[in-house]
Amino acid sequence: MTSEFRSQIRPYPRTPVYPTTWAGYQTFDQIYDNLAFYASNVMKNFGIRPHELPDCLQIGFMVLWETLTQQPDFLAQKTRRQAVFFILARCKISSMRYGEGRYDRLDELITDDWHDTADEHAITGLEADHDERWAAWATDVDMRIDIERIMVKLAAKYEHSPKHLVALYFITTQVNRTDAASILRTDKFRWHKRYVLPLRAEVQYEFAQVFLERHGYPQPESA
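Residues numbered from 1 in each chain as written. Predicted model: local features only at pLDDT ≥ 70, side-chain atom pairs only at ≥ 80, totals over all residues. Heavy atoms only, no water.

**Considering the packing of helix α2 (residues 28–45) against helix α4 (residues 80–89)**
This is how the line gets drawn: Interaxial angle, 0 to 180 degrees, is taken between N-to-C directions of lines fitted to C-alpha atoms, where a helix line uses only the stretch in contact. Helix and strand labels come from DSSP, where a helix needs a run of H or I of at least four residues and a strand needs a run of E of at least two; each type is numbered from the N terminus. A crossing counts as left-handed when the near helix is turned anticlockwise from the far one by less than a right angle, and as right-handed when that turn is clockwise. In this description, contact between two residues means that some pair of their heavy atoms is separated by no more than 4.5 Å.
Two numbers describe how α2 lies on α4: the axes approach to 9 Å, and their chain directions differ by 60°. Judged by the sense of rotation from one axis to the other, the crossing of α2 with α4 is right-handed. Side by side, α2 and α4 meet where N34, L35, Y38, A39, V42 and M43 of the first sit next to R80, R81, A83, V84, F85, I87 and L88 of the second.

And the structure:
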């Protein structure tokens with residue numbers, strides 16, 4: 001009896017194996033290899049798109065692995081088809097699509113765009129009201145560069161005058177006059193007349209110069 005008992009003892013495998021109804025004992029890697037292609041086809045039949053497949057498979061098989069660590073004989077009670085549908089039911093496709101629905105995917109824009117301009121639409125989203133078709137993004141970049149150049153020029157010019165700098169801050173942001181003047185602890189009406197109004201005219205002049213340069217209009221003649 002002792003020898004018979006000893007003959008039935010097997011060393012504990014270093015890699016865990018799990019009983020299945022369709023292929024006997026298998027490691028998780030073997031289970032994955034056996035089910036992944038089948039699961040991919042089932043997911044495609046249920047409307048899961050190609051770019052969603054890798055994440056769905058990873059999430060579904062991760063849940064299966066967690067289940068097997070808690071219930072090693074889980075697949076001993078499931079057919080191969082039931083195992084695949086277990087993976088499908090836990091792939092979190094609804095959560096993934098909810099997250100994707102909050103943003104525009106560049107892949108989808110390119111797929112639907114016959115004119116190959118999807119990158120410009122995805123970057124700015126302003127082309128519906130834009131006169132230019134091919135250079136809209138470049139134009140927006142140039143405009144931002146011009147704005148930055150003007151701000152740097154004026155900031156450098158008035159770097160030693162806090163009243164001018166706060167006026168520039170007031171002109172280019174949504175801060176109200178009272179809050180801006182409170183920074184300087186000065187009378188808001190006098191500060192607005194002596195600093196804000198002249199600086200606003202200067203900002204308008206600088207932007208007008210850029211506009212005239214971009215559109216090729218002749219410079220106004222001096223009186």
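On we go from here.
**Regarding α2**
This is how the line gets drawn: Take the number of residues in a helix, subtract one, and multiply by 1.5 Å to get its expected span. Bend is computed residue by residue as the angle between axes fitted to the seven residues ending at the residue and the seven residues starting at it. Burial classes follow relative accessibility: with a 1.4 Å probe on protein chains only, a residue under 20% of its type's maximum area counts as buried, one over 50% as exposed, and anything between as partly exposed.
Spanning 18 residues, α2 covers 25 Å between terminal C-alpha atoms, matching the ideal 26 Å at 1.5 Å per step. The largest bend in α2 comes to about 40°, at L35. Those residues of α2 that fall on the buried side of the exposure criterion are F28, I31, L35, A36, A39, S40, V42 and M43. Looking at the buried residues of α2, the elements they touch are β1 (18–20), β2 (24–26), α3 (53–70) and α4. The positive-phi residue at the C-terminal boundary of α2 is G47, with phi of around 90°.

**Here we look at a nonpolar patch on the surface**
Heads up, the condition is: Exposure above 30% relative accessible area and no salt bridge define the residues that can form patches, which grow by joining like charges within 9 Å and nonpolar side chains of Val, Leu, Ile, Met, Phe, Trp and Tyr within 5 Å. Here, Shrake-Rupley sampling with a 1.4 Å probe gives the accessible areas, and only protein chains in the shown set may cover a residue. Definition used for salt bridges: Asp or Glu carboxyl oxygen within 4 Å of a side-chain nitrogen of Lys or Arg.
Together, M143, I147 and F207 make up an exposed nonpolar region whose accessible area comes to about 260 Å². Turning to its location among the elements, M143 is positioned in helix α8 (residues 136–157). Judged by relative accessible area, M143 falls into the partly exposed class, the value being 48%.

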